[in-house]
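Structural overview
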Amino acid sequence: MNTLFMHCRPGFEGEVCSEIAEHAARLGVAGYAKAKPQSACAEFVCNDAEGAAQLMRELRFEQLIFPRQWARGSFVELPETDRVGVLLEHLADYPVCGSLWLEVMDTNDGKELSTFCRKFEVPLRKALSKAGRLEESASKPRLLLTFVSGRRVFVGLAPANNSAMWPMGIPRLKFPREAPSRSTLKLEEAWHHFIPRDQWDERLSGDMTGVDLGAAPGGWTYQLVRRGMLVTAIDNGPMAESLMDTGLVQHLMADGFTYKPKQMVDWMVCDIVEKPARSAALLETWLGEGLCREAVVNLKLPMKQRYAEVRRLLERIEEGFKARKVKVSIGCKQLYHDREEVTCHLRRLDLKPR
Ligand SMILES: C[S@@+](CC[C@H](N)C(=O)[O-])C[C@H]1O[C@@H](n2cnc3c(N)ncnc32)[C@H](O)[C@@H]1O
């Protein structure tokens, strides 16, 4: 159980390795990170048997930027027949689990394996329940079986409240037919990730105001309008008529990097393709000057040293808030709908509730 196994977007294995190695060094967990390019996964192999458990105890999954899912455990080779029997034998050393997810990598090979997983899940679930290894409960660890082939599986554990919300960290969001662009799903996923569901009514409520910088054609504005908010959409490009017809949107042809609202708004969102340092500076201005309470902004990633660059920008934003003496929570994640980018969520913590 000395390995921490992580899923990620294909091509970001190096970022996961850098990120987890940095945390492990800070926490004094000895080991090494490894990954194959484009494999959509990475491992941190700990020197001590307890290392992976310590990492999971001391890190909050939602605060990791590049991993989409994680589990601690080890690889098991499976025979062609009686895979269930071999797994049951291996699981004798594991605690009784509260849920079971079968996962594959986000690659073409992984997609092919998912058919096998769907078929295999039924008999496996039955056998685990019968053997007393699986008792549905949110407080017991989740059993995560990641198949890298039909013959090799990572048998891992993760706390249900400290791991991905969805299998493989991939949300099943339905594209709303009325939305003007597919990027609408990016903002919806950001809300799922950064805002606990039981706070949506309070923090994404109908009497709020929002500004969408780089709004056209309106996928993000659509999400704000869907929550009933009054939105100022900033873009030289045209907004979808269906959104303008709601009467909730004011469209201004202005520069998103110089526009400032006359009064504080509840939300600022920004999806402008720009140098990440410029988008980060925008966040510092909006939250630092109290132009908004919360913000979701995309940071486009550079070609190289992507983890180091994101860390550097986040540290710079944090220092900016310290210098201004304002309290802001900062979250950053490469969401499933993000490509060469990460999504940041910031919230002023020192303002009176509305
Ligand atoms: C990726 S698109 C936004 C898509 C939008 N979030 C959606 O869901 O439909 C980026 C937009 O930013 C706009 N843009 C680029 N630079 C801008 C600037 N300086 N100020 C305002 N808008 C800008 C572009 O015109 C473009 O419409």
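Throughout what follows, the structure given in this document is the object of discussion. What you are looking at is a predicted structure, and each value in this text was computed from that prediction instead of being measured.

**Quick look at the packing of aromatic side chains**
Per the stated rule, a full pass over the model turns up twelve aromatic pairs. Relative to Phe-154, the ring of Phe-5 has its centre 4.8 Å away and its plane inclined at 20 degrees; by these criteria the two rings are stacked. Here Phe-154 lies in strand β7 (residues 152-158) and Phe-5 lies in strand β1 (residues 3-7), a separation of 149 residues in the sequence. Relative accessible area serves as the criterion here: at 1%, Phe-5 is assigned to the buried category. Each ring, one from Phe-116 and one from Phe-147, has its centre 5.4 Å from the other, and the planes form 75 degrees; the classification is edge-to-face. Of this pair, Phe-116 sits in helix α4 (residues 108-130) while Phe-147 sits in strand β6 (residues 142-149), and the two are 31 residues apart along the sequence. Each residue in the set Phe-5, Phe-75 and Phe-154 is aromatic and connected to the rest through ring pairs, giving one cluster. When the ring centre of Phe-61 is taken as origin, the NZ or CZ atom of Lys-333, which lies over that ring, is 4.3 Å away.

**Looking at the sheet that holds strand β2 (residues 31-34)**
Within a sheet, each strand pairs with its neighbour through backbone hydrogen bonds, oriented either parallel or antiparallel. Strand order in the open sheet formed by seven strands is β2-β3-β1-β4-β7-β6-β5, with mixed pairing between adjacent strands. With partners counted over all chains shown, the strands left at the sheet margins are β2 and β5 (99-104), one partner each. On average, each strand axis in the sheet is inclined to that of its neighbour by 30 degrees, with strand direction left out of account. The pairing of β5 with β6 spans six bridges and is classified as parallel. Across the sheet, the residue bridging to Val-104 is Phe-147, located in β6. Across the sheet, helix α1 (residues 13-27) lies against β1, β2 and β3 (41-46), angled at about 25 degrees from β3, the strand it touches most.

**Examining the nonpolar core**
Counting 64 residues, the largest nonpolar core has Leu-213, Met-268 and Trp-286 as its most contacted members. For this core, the element with the most residues is helix α10 (residues 306-324), which contributes six residues. When residues are assigned to domains, this core turns out to be shared by domain 1 (3-169) and domain 2 (184-348), each giving three or more. For Trp-286, the contacting residues outside a window of four places in its chain are Val-211, Leu-213, Tyr-259, Pro-261, Val-265, Met-268, Leu-291 and Cys-292. Membership of the second largest hydrophobic core comes to 25 residues, among which are Val-104, Phe-147, Leu-157 and Met-168.

**Section: unusual backbone geometry**
The omega angle of the peptide bond from Ala-216 to Pro-217 is 0 degrees, so this bond is cis rather than trans. Assignment of secondary structure puts Pro-217 in the loop between β8 (209-213) and α7 (219-226). Although it is not a glycine, Ala-40 sits at a positive phi angle of roughly 65 degrees. Among the structural elements, Ala-40 can be located in the loop between β2 and β3. For Ala-40, a relative accessible area of 0% gives the class buried. Despite not being glycine, Lys-325 shows a phi value in the positive range, around 60 degrees. Along the chain, the position of Lys-325 falls in the loop between α10 and β13 (328-333). Given the relative accessible area of 75%, Lys-325 is considered exposed.

**Here's the deal with the environment of Glu-22**
You can see Glu-22 is positioned in helix α1. Setting aside its immediate chain neighbours within four residues, Glu-22 contacts Tyr-307 and Arg-311.

Rules of the game
Residues numbered from 1 in each chain as written. Predicted model: local features only at pLDDT ≥ 70, side-chain atom pairs only at ≥ 80, totals over all residues. Heavy atoms only, no water. Phe/Tyr/Trp six-rings, centres within 6.5 Å; stacked < 30°, edge-to-face > 60°. Helix = DSSP H or I, 4+ residues; strand = E, 2+ residues; numbered from the N terminus. Buried < 20%, exposed > 50% of the residue type's maximum accessible area, 1.4 Å probe, protein only. Lys NZ or Arg CZ within 6 Å of the ring centre and 35° of its normal. Pairing = 2+ DSSP bridges. Axes fitted to C-alpha atoms, helices over the stretch in contact; angles between N-to-C directions. Contact = heavy atoms within 4.5 Å. Core = buried A, V, L, I, M, F, W, Y, C linked by side-chain atoms within 4.5 Å. Domains from an automatic or database assignment.

Fair warning: the whole summary comes from geometry, so function is off the table for now.
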